Amino acid sequence: MSVSFSHFSIPISESSIARSISLFPDAANRFRSLRGSRLVLYVGAGNFCRRFFGLKLQMLKRLKIQQRNRKREPANEFKSIRNQDKDQSENPLRNLANDELFSEAASTISSLNDFTEEHTRSTSQPKESSLPSSQNVISKKPDASLELPSSFVQTHSLNLNVDDHHRGPSLCIAVIGATGELARKKIFPALFALYYSGFLPENVGIFGYSRKNLTDEDLRSLIASTLTCRIDHEQNCEDKMDAFLSRTYYLNGGYDNKEGMSKLNARMEQIEEGYRANRIFYLSVPQEALLDVASSLANNAQTKKGWNRIIIEKPFGFDALSSQWFTKSLLSNFEEKQIYRIDHLLGRNLIENLTVLRFSNLVFEPLWSRTYIRNVQVLLSEDLGMQSGRYFDGYGVIRDIVHSHMLQTIALLAMEPPISLDGEDIRNEKVKVLRSIRKLDPSDVILGQYKATSGERVDVSLSSLTPTFFAAALYIDNGRWDGVPFLIKAGVGLIKHRVEIRIQFNHVPGNLYRERFRHNTDLATNELILRDVPDEAILVKINNKIPGLGLQLDASELNLLYKDKYNVEVPDSYEHLLLDVIDGDNHLFLRSDELAAAWSILTPVLQEIDRNNIAPELYELGGRGPVGAYYLWAKHGVRWADD
């Protein structure tokens, strides 16, 4: 370490500084604040030498007092150090350590002598000095500092008059339902990825909570095999993994959530050691257990020394009525700003890029209205390899994907420019769009369910009416989007996995080249394609002349393929969303009013399904989906993108 002053620098032993502060409480008053996790002694340039001469005299005086006390009362020597670190006072090698302390303190004084002498010589030669005048220094912030490393600050309990928050960020994250598949395969790996990349503090505490009788080591072994390091920077991977696992703890909550949450709170306080700490609770639990867990958590596990945030997994209720009841119960225990309703599909880079594309490119925003846009298609299809057990009987694709992901995507696409990028400002604009969407007419909806043979793994029974495919045409009744169809398609068990947004523009009025196209002019429509899967890309379809003699036009794509442009590994969506929760960025999480507005759109269709007035159309597993979806697109004047 070093003391730096303009262009002057002199090395000082870290251990001598640490022990000198313990010996000389008067000198500790010079240490005004903690910057990050480093202890800083501010010294103005104009009186730099005078302050260090004073510090040197204090150190000499204190050393003499301690030496006299050592001769007179050997049983009480270094009482101040013993009070600060009891374990150190019980060390049988204490006397040797004390001798080293005096030696290093003397060495520090010698270093200060040499430094101040050099400073005096330098300041006596103004022509060679780059220091500003003393008048200028007084008006500026202190520019000389003595810095101690984070290891010293974390391992020594100094009697400094410093606020707790100066010790650096402290965070505890509890995963409720830690032994479940989601926690093991997604949540813990995402937390480790953030820790490995430096987005979590070194002193973070990770807590697993469930009803199984496990130990800390059992949980660490359970999740260790799921942790991986970034391909693009695998340095110190094993060390980071060991450090992360050592910060991971387990608690068996039992079957009484109130008692279990009290135990969790006690364990977290033990790890926090009384310092200010923030807490995040990820509720990876079934819907039927959510409210009891949330209520017990609110009353027994929240910290009073920092903020508390809870993450809730979808589905967010079964219908409008149950969702309203869930919301009311949650808001009776938490504030709206504490609740983060997570949908991992909203953590994809495609979704985050929507607002960037719209509001940072002049070429797009002026065209973003009914004047130029003919239709918008939001497509999400999963193939045979993407079955995940999500389409359980009773919920299906509507409540799982359409209610949150699809409607949120449309809200981000269609919203007015927010007044800022603050999460609440963006949510305010999203909810306006959702409230403007016309309630779905059942005639504008196609439901489907894939057929499966007995030898295939399926998630719903053949007798169930749970849809695995949903297609619909939505309309937004406002000035910007009046008359523009927003067509959505979400399905599982289809021919290929694809996630993309297609924005088709109007035809060119009075197109002079209408007869020069070799194919249907409908296929020559300008189109903006935002693709997430199979290969993330931004494509713009334009019309251009085919090279050669004559004048023939063709539709071509300007292609920004991410894997060619950016040589980086794309983080998992859970990493993105967990980091947003830590940062307090809530724009990709559903607020209670957004939730209610989304249910209002889907309620007419859900009621028709409950009355058996709409039956899913069967389609082949691994096929293109129900035939009725093609007729729905044609009804609204849109050619399906598959064609």
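Here goes a summary of the coordinates provided. (Residues numbered from 1 in each chain as written. Predicted model: local features only at pLDDT ≥ 70, side-chain atom pairs only at ≥ 80, totals over all residues. Heavy atoms only, no water.)

## Observations regarding the overall build of the protein chain
For the protein chain, the count of helices and strands is 21 helices and 20 strands. Counting every position in the protein chain, which comprises 643 residues, the buried fraction comes to 49%. Considering only intrachain contacts with a sequence separation of at least 6, the fraction spanning at least 24 residues in the protein chain is 76%. Accessible surface for the protein chain amounts to roughly 31,500 Å². Of this, 50% is attributable to carbon and sulfur atoms. (Helix = DSSP H or I, 4+ residues; strand = E, 2+ residues; numbered from the N terminus. Buried < 20%, exposed > 50% of the residue type's maximum accessible area, 1.4 Å probe, protein only. Contact = heavy atoms within 4.5 Å. Areas by Shrake-Rupley, 256 points an atom, 1.4 Å probe, with all protein chains shown as cover.)

## Details of the sheet that holds strand S10 (residues 308-313)
In a beta sheet, neighbouring strands pair by backbone hydrogen bonds and run either parallel or antiparallel. Ordered in space as S8-S7-S6-S9-S10-S11, the 6 strands form an open sheet in which the pairing is parallel. Each end of this open sheet is capped by a strand with a single partner; those strands are strand S8 (248-252) and strand S11 (339-342). Averaged over neighbouring strand pairs, the angle between their axes works out to 20 degrees when direction is ignored. Where strand S7 (residues 205-210) and S8 come together, 5 bridges link them in parallel fashion. The residue bridging Tyr-209 from the neighbouring strand is Leu-251, located in S8. Against the sheet, helix H10 (residues 216-224) touches S7 and S8, its axis set at about 115 degrees to S8. (Pairing = 2+ DSSP bridges. Axes fitted to C-alpha atoms, helices over the stretch in contact; angles between N-to-C directions.)

## Examining the packing of aromatic side chains
Given two aromatic rings, one states the distance between the centres and the angle between the planes to describe the pair. As enumerated under the stated definition, the model contains 10 aromatic pairs in all. Ring centres 5.4 Å apart and planes at 80 degrees place the aromatic pair Trp-481 and Phe-486 in the edge-to-face group. Among the residues examined, Trp-481 registers a relative accessible area of 1% and is labelled buried. Looking at Phe-486, the relative accessible area reads 2%, which means it is buried. Members of the aromatic cluster, each reached through a chain of ring pairs, are Phe-192, Tyr-195, Tyr-196 and Phe-244. Just above the ring of Tyr-195 sits the side chain of Lys-240; from NZ or CZ to the centre is 5.2 Å. (Phe/Tyr/Trp six-rings, centres within 6.5 Å; stacked < 30°, edge-to-face > 60°. Lys NZ or Arg CZ within 6 Å of the ring centre and 35° of its normal.)

## Things to note about the packing of H10 against helix H11 (residues 237-246)
Packing of H10 against H11 leaves a shortest axis separation of 10 Å and a crossing angle of 140 degrees. If you check the angle between H10 and H11, you find them oblique. Here H10 runs over H11; the crossing is right-handed. Each of Arg-220, Ile-223 and Ala-224 in H10 lies in contact with H11, whose residues at this interface are Met-241, Phe-244, Leu-245 and Ser-246. Considering only residue class, the contact of H10 with H11 consists of 5 nonpolar, 1 polar and 1 charged. (Parallel < 35°, antiparallel > 145°, perpendicular 65-115°, else oblique. Left-handed = near helix turned anticlockwise from the far one by under 90°. Nonpolar A, V, L, I, M, F, W, Y, C, P; charged D, E, K, R; others polar.)

## A word on the state of the cysteines
If you walk through the whole model with that rule in mind, you get 1 disulfide. Linked covalently through their sulfurs, Cys-229 and Cys-237 form a disulfide whose S-S length is 1.8 Å. Across the S-S bond linking Cys-229 and Cys-237, the dihedral sits near 85 degrees, which makes this disulfide right-handed. Looking at Cys-229, the relative accessible area reads 11%, which means it is buried. (Disulfide = S-S within 2.5 Å.)

## Quick notes on the nonpolar core
Counting 125 residues, the largest nonpolar core has Leu-264, Leu-283 and Phe-470 as its most contacted members. Of the residues forming this core, the biggest block, 11 residues, is contributed by helix H16 (residues 396-414). For this core, the two domains that each supply at least three residues are domain 1 (171-313) and domain 2 (346-569 + 592-636). If we skip the residues at most four places from it in the chain, Phe-470 touches Val-397, Ile-398, Val-402, Leu-440, Val-445, Ile-446, Leu-447, Ile-488, Lys-489, Ala-490 and Val-605. Listed in part, the 16 residues of the second largest apolar core include Tyr-450, Leu-487, Ala-629 and Trp-633. (Core = buried A, V, L, I, M, F, W, Y, C linked by side-chain atoms within 4.5 Å. Domains from an automatic or database assignment.)

## Some details on the pairing of strand S18 (residues 537-545)
Note that strand S17 (residues 527-533) and S18 share 5 bridges and pair antiparallel. Of the residues in S18, the one forming a bridge with Leu-528 is Val-540. Between the end of S17 and the start of S18, which pair antiparallel, lie 3 residues. Taken together, the 9 bridges between S18 and strand S19 (residues 553-561) define a ladder with antiparallel strand orientation. Bridge pairing links Leu-539 to Asn-559 in S19.

## Some words on the sheet that holds strand S20 (residues 617-620)
Pairing is mixed in the open sheet, where 9 strands are placed in the order S19-S18-S17-S16-S12-S15-S14-S13-S20. Of all the strands in the sheet, just S19 and S20 have a single pairing partner and so form its edges. Each strand axis lies, on average, 20 degrees off the axis of its neighbour in the sheet, ignoring direction.

## Regarding unusual backbone geometry
For the peptide bond that leads from Lys-314 to Pro-315, omega is 0 degrees, which places it in the cis range. Positive phi, normally seen in glycine, also occurs at Glu-273, with a value near 60 degrees. Residue placement: Glu-273 occurs in the loop between helix H12 (257-272) and strand S9 (278-283). Look at Glu-273 and you get exposed, because its relative accessible area is 61%. Of note in this structure, Asn-612 is not a glycine but carries a positive phi near 65 degrees. By secondary structure assignment, the location of Asn-612 is in the loop between helix H20 (592-610) and S20.

## Some words on helix H17 (residues 423-436)
Under the 1.5 Å per step criterion, the end-to-end length of H17 is 20 Å for 14 residues, consistent within 8% with the ideal 20 Å. The set of residues buried in H17 consists of Gly-423, Asp-425, Ile-426, Arg-427, Glu-429, Lys-430, Val-431, Val-433 and Leu-434. Where the residues of H17 are buried, they touch S11, H16 and H20. You can read the cap of H17 off the contacts: a side-chain oxygen lies 3.1 Å from the backbone nitrogen of Glu-424, and it is on Asp-422. (Expected span 1.5 Å × (residues − 1). Polar contact = N/O pair within 3.5 Å; in protein donor to acceptor, adjacent residues only side chain to side chain.)

## Here's the deal with H20
The largest bend in H20 amounts to roughly 45 degrees and is located at Leu-602, with the proline Pro-604 lying one to four residues further along. Just downstream of H20, Asn-612 is the residue with a positive phi angle, here 65 degrees. (Bend = angle between axes of the 7 residues up to and from the residue.)

## Some remarks on the pattern of salt bridges
Counted by the stated rule, this structure contains 31 salt bridges. Measuring nitrogen to oxygen at the nearest pair gives 2.9 Å for the salt bridge that ties Asp-216 to Arg-267. Taken together, the residues Asp-216 in helix H10 and Arg-267 in helix H12 connect sequence positions 51 residues apart. For the pair formed by Asp-216 and Arg-267, the shared burial category is buried. Salt-bridge contacts for Arg-438 lead to Asp-477; the nearest nitrogen and oxygen are separated by 2.9 Å. (Salt bridge = Lys/Arg side-chain N within 4 Å of Asp/Glu carboxyl O.)

## Remarks on the environment of Ile-310
In this fold, Ile-310 is placed in strand S10. Put simply, Ile-310 and Tyr-340 are 30 residues apart on the chain and 6.0 Å apart in space, counted from C-alpha to C-alpha. Leaving out residues up to four positions away in the same chain, Ile-310 has contacts with Phe-281, Leu-297, Leu-330, Phe-334, Gln-338, Ile-339 and Tyr-340.

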